[in-house]
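Each chain is listed here by its residues.
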Amino acid sequence: MRVVSFGFQTWGRRTLQALIDSRHEVVLAVTHPASDHSYKGIWGDSVEELAREHGIPVHLTERADAETIDLVKRVEPDVIVVNSWYTWMPPELYQLPPHGTLNLHDSLLPKFTGFSPVLWALISGAAETGLTIHRMDEGLDTGDIIVQKSLPIGPAATGTELVLAGMDLIPEALNEALDAIDSGTAVWRPQNKSERTFFHKRSDRDSRIDWSWPAVDLERFVRALSAPYPPAFGYYRGQRVEVLAATVSEGCYGGTVGRVVVHEDGAAVVCGPEAFRGNNRALVITRVRTADGVERSAAEVFARGGYLTDAPE
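Predicted model, so just to flag it, every value in this text is computed and none were measured.

Participant: Please clarify how the side chain of Ser207 should be interpreted in this entry.
Facilitator: Tracing the chain through its elements places Ser207 in the loop between β9 (198–199) and α8 (215–224). Side-chain polar atoms of Ser207 contact the backbone oxygen of Pro230, separated by 3.4 Å. Every residue in contact with Ser207, bar those within four places of it in the chain, is listed here: Arg202, Phe221, Leu225, Pro230, Pro231, Ala232 and Phe233.

Participant: I'm lost on a nonpolar patch on the surface in this one. Help?
Facilitator: Nonpolar side chains collect at one region of the surface, where Phe115, Leu140 and Phe198 lie side by side and expose about 260 Å² of accessible area between them. Summarising the element assignment, Phe198 is placed in strand β9. Residue classification places Phe198 among the partly exposed residues on the basis of a relative accessible area of 43%.

Participant: Hey, could you run me through helix α1 (residues 9–21) in this one?
Facilitator: The α-helix winds at 3.6 residues per turn, so residues separated by three or four positions along the chain end up facing the same way. If you check α1, its first and last C-alpha atoms are 18 Å apart, about what 13 residues at 1.5 Å a residue would give, namely 18 Å. Buried within α1 we find Gln9, Thr10, Trp11, Gly12, Thr15, Leu16, Ala18 and Leu19.

Participant: Honestly, the packing of aromatic side chains in this entry has me stumped. Any pointers?
Facilitator: The geometry of an aromatic ring pair is captured by the separation of the ring centres together with the interplanar angle, meaning the angle of the planes. Within the structure shown, the criterion is met by ten aromatic pairs. Residues Trp11 and Trp43 carry aromatic rings whose centres are separated by 6.4 Å and whose planes lie at 70° to one another, so their mutual orientation is edge-to-face. Pair noted here: Trp11 is in helix α1 and Trp43 is in the loop between β2 (25–31) and α2 (47–53), with a separation of 32 residues, a long-range link. In this structure, Trp11 and Trp43 share a single accessibility class: buried. Seen from their ring centres, Phe233 and Tyr235 are 5.8 Å apart, and the 90° between their planes marks the pair as edge-to-face. Of the two residues, Phe233 and Tyr235, both sit in the buried class. Following the ring pairs from residue to residue traces out a cluster consisting of Trp11, Trp43 and Tyr229.

Calculation notes
Residues numbered from 1 in each chain as written. Predicted model: local features only at pLDDT ≥ 70, side-chain atom pairs only at ≥ 80, totals over all residues. Heavy atoms only, no water. Helix = DSSP H or I, 4+ residues; strand = E, 2+ residues; numbered from the N terminus. Polar contact = N/O pair within 3.5 Å; in protein donor to acceptor, adjacent residues only side chain to side chain. Contact = heavy atoms within 4.5 Å. Patch = residues over 30% accessible without salt bridge, like charges linked within 9 Å, V, L, I, M, F, W, Y side chains within 5 Å. Areas by Shrake-Rupley, 256 points an atom, 1.4 Å probe, with all protein chains shown as cover. Salt bridge = Lys/Arg side-chain N within 4 Å of Asp/Glu carboxyl O. Buried < 20%, exposed > 50% of the residue type's maximum accessible area, 1.4 Å probe, protein only. Expected span 1.5 Å × (residues − 1). Phe/Tyr/Trp six-rings, centres within 6.5 Å; stacked < 30°, edge-to-face > 60°.

Without other data, these values stay purely geometric and don't point to any function.
Shown next as C-alpha cells:
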C-alpha cells in the first residue's frame, strides 16, 4: 500500500523506520520543523533526516493546512499513519485515503487517552501500559481499535524504560495493522467510552511533590520522572531540590508531612495521609540535584533536617 507518514520526535522517526522496513511504500513524510521548546526536545530524533536519507519526499509544517492537504491528495495514499503529531487534523485530511488514518497511541485505550500516557500510567500505579493503533476520528484517541500490544509495568521500571519499551512495540504492531487492512482481514473494535480516562498535558507544576501522597506512590512518582523528563522536586530551606532516587522506608514515620529525618540511607521524609498517627512509611531520598545543577547524596544535602515544602519559604 501507499502510505503517508505524519510524525515528530523519536516516536515519529521510529514509526517512519518501521514503515520503511515494511513491504509498503512511503510516498510522503510530513513532520514539524525542529523546535527549541524544552519538552519537544525530549526524544528529539529527526523524522526529516531519516526521510531524506531514504529519498522520501518531506513536507515541514506546524499544522495540517491547505497546502499539506493538497500535497497528500497528490500522492494518493491508501492510508495515513500518525504518531506524535502535535496539531489538529481536519476530517478532510484523515478521511482522505480509502483506508482512512491510523493513529498510534502509547496506552491501552480507552485508558490513558490524552498526553504523556506512559508517565501517567506509571504514576497512577497501573499494572500495564502498551501501544494501541486505532482509526482516527473526530475525538482525541477515541477511534475504533485495530491492534493493541500490552507491556507490563515492573516494580522497578522507570518512565524512560517504559517509553523505550513501548517504542519497541511499533514495528510489529504497525505491520500487523497494515497487513490486516491490505488483506481485507482487519477487525475493528469500538472503544467503550465509559471506560475512558483522560490525562492532561504535563507542566512544571506536575513534577512538584505532594507530601500528602503515600510513600509507595511517591517512590513510583520519582521513577516515572526519570531523565530526560523534568524530575520530581520540592523546596528545602528556600531552594529547589530535584529528587533523583528514592526508596520506601521499612519502618513507619509520624509527624508533619515534609519533615526530613536523617536516615542511614539518606533522608526519610514523613508523608502520606494522617501522618500524625504514625502509621505511614516514609520516602527515603537517596540522591538529589541541588539548585546549582550538581547531583549530591541526600545525606549530604539534608544533614541538618528541617522540612521539604511545596513552595520556597
